[in-house]
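Residues per chain, in single letters:
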Amino acid sequence: MTITLYNVAVSSYGAKVRIILCHKGLEWTDIPPPDGYGSNAYRQIVPAGTVPAIIHDGLTLADSEAIAEYLDEAFPTPPMMPKDIAGRARARELSRFHDTRLEPILRAYFGQVAPGGRNAEFIAENARLLQSRLDQLAVMARPAPLLTGPTLAVADCGFVASFAILDLLMDCLDLPVQMPDSLAGYAAALAAHPSVVDEDARYRSTLHDWAATKGAL
Ligand SMILES: N[C@@H](CCC(=O)N[C@@H](CS)C(=O)NCC(=O)O)C(=O)O
């Protein structure tokens, strides 16, 4: 049974789900939310109003982490969560850190991409926060070379788009942020993974086009 994915091209959480679908060899159909995300029409289908969301086998589900864990249980091959209970807990800790601590700091910069909308004080203050979150992640994560070892895990998938966003922001805003060495190595290994390469390229190209429409490139 095919999977319907409500998504928009620029959604980083959507990219996370697309990598999981690809890694598991699943067929899916991408469709945009009717009248855009958050619209009344879309909320009739997905009450949370957020993308990504999936419909599969009669189940309508929003939130990329809920979707990721559902897909991993519904389609267990290849597995994308560690086998042991502590390993799964640590993987979830890293996923949640991404979604709740790192990604919102990156998202906060979106309004600064257009040159006319920039606030130097905000950019510098958010950069301090971003640096501290990256430094925290570098202590928490022990990439080998991916977050849970040699194979791609759910916990890795959110970082693909976030590292792409970070690269774009570094270029556009000249952020005084230093990527910790261990995370730079991790980002390179992640981007080179066969299930990540195409989505990483697609997402970077979408981001580039978006930044160009803002006059940032
Ligand atoms: N925690 C959610 C966040 C998803 C999210 O914030 N999506 C944005 C687009 S990237 C959205 O749908 N925003 C609509 C809204 O906030 O109403 C997830 O992981 O799926």
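Keep in mind the model is a prediction, meaning the values are calculated, not measured. (Residues numbered from 1 in each chain as written. Predicted model: local features only at pLDDT ≥ 70, side-chain atom pairs only at ≥ 80, totals over all residues. Heavy atoms only, no water.)

A. Layout of the domain arrangement of the chain. Split by domain assignment, the chain resolves into domain 1 (3-74) and domain 2 (85-213). Between the C-alpha centres of domain 1 and domain 2 the distance comes to 21 Å. If you look at the interface, domain 1 gives 16 residues, while domain 2 gives 22 residues. In this assembly, domain 1 and domain 2 are joined by four salt bridges. Notably, a salt bridge pairs Glu 65 with Arg 96, separated by 3.2 Å at the nearest N-O pair. (Domains from an automatic or database assignment. Contact = heavy atoms within 4.5 Å. Salt bridge = Lys/Arg side-chain N within 4 Å of Asp/Glu carboxyl O.)

B. Region of interest: the site of the ligand. Taken together, Ser 11, Tyr 13, Tyr 37, Thr 50, Val 51, Pro 52, Asp 63, Ser 64 and Arg 107 form the complete shell of residues around the ligand. At 2.9 Å from a nitrogen atom of the ligand is found a main-chain nitrogen or oxygen belonging to Val 51. Interatomic distance of 3.0 Å between a side-chain N/O atom of Asp 63 and a nitrogen atom of the ligand. (Near = heavy atom within 4 Å. Polar contact = N/O pair within 3.5 Å; in protein donor to acceptor, adjacent residues only side chain to side chain.)

C. Structural view of helix 6 (residues 154-173). Here helix 6 is 20 residues long and its end C-alpha atoms lie 30 Å apart, about the 28 Å a rise of 1.5 Å per residue gives. Of all 20 residues that make up helix 6, 17 are buried, and the element is covered over most of its length. Looking one or two places after helix 6, you find Asp 174, whose phi comes out positive at around 55 degrees. (Helix = DSSP H or I, 4+ residues; strand = E, 2+ residues; numbered from the N terminus. Expected span 1.5 Å × (residues − 1). Buried < 20%, exposed > 50% of the residue type's maximum accessible area, 1.4 Å probe, protein only.)

D. A look at the packing of helix 1 (residues 12-23) against helix 6. Contact geometry of helix 1 with helix 6 gives a least axis separation of 8 Å together with a crossing angle of 135 degrees. Relative to helix 6, the element helix 1 is oriented oblique. Of the two elements, helix 1 crosses helix 6, and the hand of that crossing is right-handed. Where helix 1 abuts helix 6, its residues Ser 12, Ala 15, Lys 16, Ile 19 and Ile 20 lie against Val 154, Cys 157, Gly 158, Val 160, Ala 161 and Ile 165. (Axes fitted to C-alpha atoms, helices over the stretch in contact; angles between N-to-C directions. Parallel < 35°, antiparallel > 145°, perpendicular 65-115°, else oblique. Left-handed = near helix turned anticlockwise from the far one by under 90°.)

E. Main features of the nonpolar core. Ranked by size, the top nonpolar core spans 60 residues in total, and within it Leu 71, Leu 130 and Leu 190 carry the most contacts. Taken together, the elements giving at least two residues each to this core come down to strand 1 (3-6), helix 1, helix 3 (64-74), helix 4 (85-107), helix 5 (120-140), helix 6, helix 7 (181-192) and helix 8 (197-213). Shared between two domains, this core holds at least three residues of each, these being domain 1 (3-74) and domain 2 (85-213). With residues up to four places along the chain from it excluded, the contact list for Leu 130 reads Leu 102, Ile 105, Leu 106, Tyr 109, Leu 166, Leu 175 and Val 177. Counting residues in hydrophobic clusters, the runner-up holds five residues, among them Tyr 42, Val 46, Val 51 and Ala 53. (Core = buried A, V, L, I, M, F, W, Y, C linked by side-chain atoms within 4.5 Å.)

F. Quick peek at the sheet that holds strand 2 (residues 28-31). If you walk across this open sheet you meet the four strands as 2-1-3-4, and the pairing is mixed. The open sheet is flanked by strand 2 and strand 4 (59-62), the only strands paired with a single partner. Taken pair by pair, the neighbouring strands of this sheet meet at an average axis angle of 20 degrees, ignoring direction. Inspection of the sheet shows strand 1 paired to strand 2 by four bridges, in the parallel sense. By the bridge assignment, Thr 4 is partnered in strand 2 with Thr 29. Against the sheet, helix 3 engages strand 1, strand 3 (53-56) and strand 4, with an angle of about 135 degrees to strand 4. (Pairing = 2+ DSSP bridges.)

G. Structural view of helix 3. Looking only at helix 3, the buried set comprises Ser 64, Glu 65, Ile 67, Ala 68, Glu 69, Leu 71 and Asp 72. Those residues of helix 3 that are buried are in contact with strand 1, helix 1, strand 3, strand 4, helix 4 and helix 6. The distance from a side-chain oxygen at the start of helix 3 to the backbone nitrogen of Glu 65 is 3.0 Å, and the residue carrying that oxygen is Asp 63.

H. Representation of the environment of Ile 55. You can see Ile 55 is positioned in strand 3. Judged by relative accessible area, which is 25%, Ile 55 ranks as partly exposed. Considered as a pair, Ile 55 and His 98 are 43 residues apart in the sequence and their alpha carbons are 25 Å apart. What Ile 55 contacts, discounting residues up to four positions off in sequence, is Thr 2, Ile 3, Thr 4, Tyr 6, Ile 45 and Thr 60.

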